[in-house]
Amino acid sequence: MTTEKMQRRNERFIEIREKKQGRGSRIKRIVGRCSAVFGTLIFSLLLLLFGAVTIICRGPSPSVRDLFVTTVMETSAAKFLAQMYFSDAEIKAIQRKNAVVEVQEVTDASAEFVEGDKSIPKETIELLDVSGPTFKGKMLIIHDPSRVKVAVAPVFGMNLDGVRVEDFVKNTGAVAGINGGGFFDENGVGRGGMPLGVVIKDSKLINGSLTYADFVVGFDQNNKLIVGKMTGQQALDLGMRDAVSFGPVFIVNGKPVEVAGSGGGLNPRTVIGQRADGAVLMLVIDGRQTHSIGASYKDCIDVMMQFEAINAANLDGGSSSLMVYNGEVVNVCASLYGSRKLPTAFIVK
């Protein structure tokens, strides 16, 4: 190869290298500018968010402030938005002013079911839409209460996974199901394997204390929904066959409980109730979404009263709220990661 050819080749290599370096520099400049724009946008959105939260928390409307505080304090991840502006004592005071008033009354297990509509077959299940100013949801009416049971994870444990509602339904051959009682869920990342409080399955206490009193929700041997605050031993003495712990109680012996203020924040909700004719009411309300912000405790009581519940209680809510019917999830789960793993569920066999 002549000296002239080698020189031309070297010049060509230098030219190609410079072009590549130029393209690399342009790409870096573009990426840098996009990053700067994106960072500025995120920063601006955060400023707007915290500005809006400041106006809500420090603004002129106590009712809006209280509704905001009670709403975020029922979440796992957004509690800090209230805690930035209020002390723990102030938050507790706001929650007390906007809550369901706790009652000591327990369902009268001796009351008998009244005769229902004879034109409706006992095996009927109805799925209905429900809605309010801030929420949309589903109501499942199960006319035969003996079909409603508690399903539990195979083994309970802090470091064990629970079971998704759709898997509870599938694994038990059920036709429907909703989420059940509470569970250990530190920072909202619990694995759903360890229930909180009483769990009774097939008339046996498989979790919880015989002596500690907590809200218990479940069915006795006569398929009556029993709600109220009681110990595990008292629940067994009442003949509970399937039950979980959660609350508060919404309706007991035909009487809705008293509600203070807003009656809780706006969030996804799950509620179970029963009519005088024995039909079981399963309510799941969507929340934290554009089509449905969520419901307060008062909203849930109002819906259950409209459907003629004589006993009703709140179940675990938030991102746990889920309803499955005929093999499909019929509501919209609030969790970005899909339905959560849980230790218990109410199923319909």
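Use the structure listed above.
A short tour of the structure in this document, coming up.

Here is what the cut-offs are and how they apply
- Residues numbered from 1 in each chain as written.
- Predicted model: local features only at pLDDT ≥ 70, side-chain atom pairs only at ≥ 80, totals over all residues.
- Heavy atoms only, no water.
- Helix = DSSP H or I, 4+ residues; strand = E, 2+ residues; numbered from the N terminus.
- Buried < 20%, exposed > 50% of the residue type's maximum accessible area, 1.4 Å probe, protein only.
- Contact = heavy atoms within 4.5 Å.
- Areas by Shrake-Rupley, 256 points an atom, 1.4 Å probe, with all protein chains shown as cover.
- Core = buried A, V, L, I, M, F, W, Y, C linked by side-chain atoms within 4.5 Å.
- 1 Å grid on protein atoms, 1.4 Å probe; cavity = no way out; pocket = protein on both sides within 12 Å on 5 of 7 lines; lining within 4 Å.
- Points joined across faces, edges and corners; volume = space filled by probe spheres on them.
- Nonpolar A, V, L, I, M, F, W, Y, C, P; charged D, E, K, R; others polar.
- Phe/Tyr/Trp six-rings, centres within 6.5 Å; stacked < 30°, edge-to-face > 60°.

### Considering the overall build of the chain
Then, number 1: Helix and strand content of the chain: seven helices and 17 strands.
Then, number 2: Sorting the 349 residues of the chain into buried and exposed places 45% on the buried side.
Then, number 3: Taking the contacts inside the chain whose residues are at least 6 apart along the sequence as the reference set, 72% of them involve residues at least 24 apart.
Then, number 4: In the structure as shown, the chain presents an accessible area of about 17,800 Å², 57% of it carried by carbon and sulfur atoms.

### A word on the environment of Ile 55
Then, number 1: Its place among the elements puts Ile 55 in helix H1 (residues 3-58).
Then, number 2: Each C-alpha atom of the pair Ile 55 and Arg 65 lies 8.9 Å from the other, and the pair is ten residues apart in sequence.

### Points about the nonpolar core
Then, number 1: Among the nonpolar cores identified, the biggest contains 47 residues, and Met 139, Phe 250, Met 282, Met 304 and Phe 346 are the most heavily contacted of them.
Then, number 2: When residues of this core are assigned to their parent elements, the largest contribution, six residues, is made by strand S13 (residues 280-285).
Then, number 3: Leave out the neighbours within four places in its chain, and Met 139 touches Glu 126, Leu 127, Leu 128, Val 130, Leu 281, Met 282, Leu 283, Val 303, Met 304 and Phe 307.
Then, number 4: If you look at the next biggest cluster of nonpolar residues, it comprises 17 residues, including Ala 151, Phe 156, Met 194 and Ile 347.

### Topic: the environment of Gly 239
Then, number 1: Mapped onto the secondary structure, Gly 239 falls in the loop between helix H6 (232-237) and strand S9 (240-245).
Then, number 2: Each C-alpha atom, one on Gly 239 and one on Asn 222, is 8.6 Å from the other, the two residues being 17 residues apart in sequence.
Then, number 3: Non-local contacts of Gly 239, meaning those with residues more than four positions away in its chain, are made with Phe 219, Asp 220 and Gln 221.

### Some words on the layout of surface pockets
Then, number 1: Volume-wise, the second largest pocket comes out at about 170 Å³.
Then, number 2: Around the second largest pocket sit Glu 115, Gly 116, Asp 117, Lys 118, Ile 120, Pro 121, Lys 122, His 143, Arg 275, Asp 277 and Ala 279, which together line it.
Then, number 3: Across the lining of the second largest pocket, the residue classes tally to three nonpolar, two polar and six charged.

### Focus on the packing of aromatic side chains
Then, number 1: Taken as a whole and assessed by the stated rule, the structure comprises two aromatic pairs.
Then, number 2: Between Phe 219 and Phe 346, the aromatic rings sit 6.2 Å apart at their centres with planes inclined by 75°, giving edge-to-face as the arrangement. Within this pair, whereas Phe 219 is found in strand S7 (residues 214-220), its partner Phe 346 is found in strand S17 (residues 344-348), the two being separated by 127 residues in sequence. Considered together, Phe 219 and Phe 346 belong to a single accessibility category, that of buried residues.

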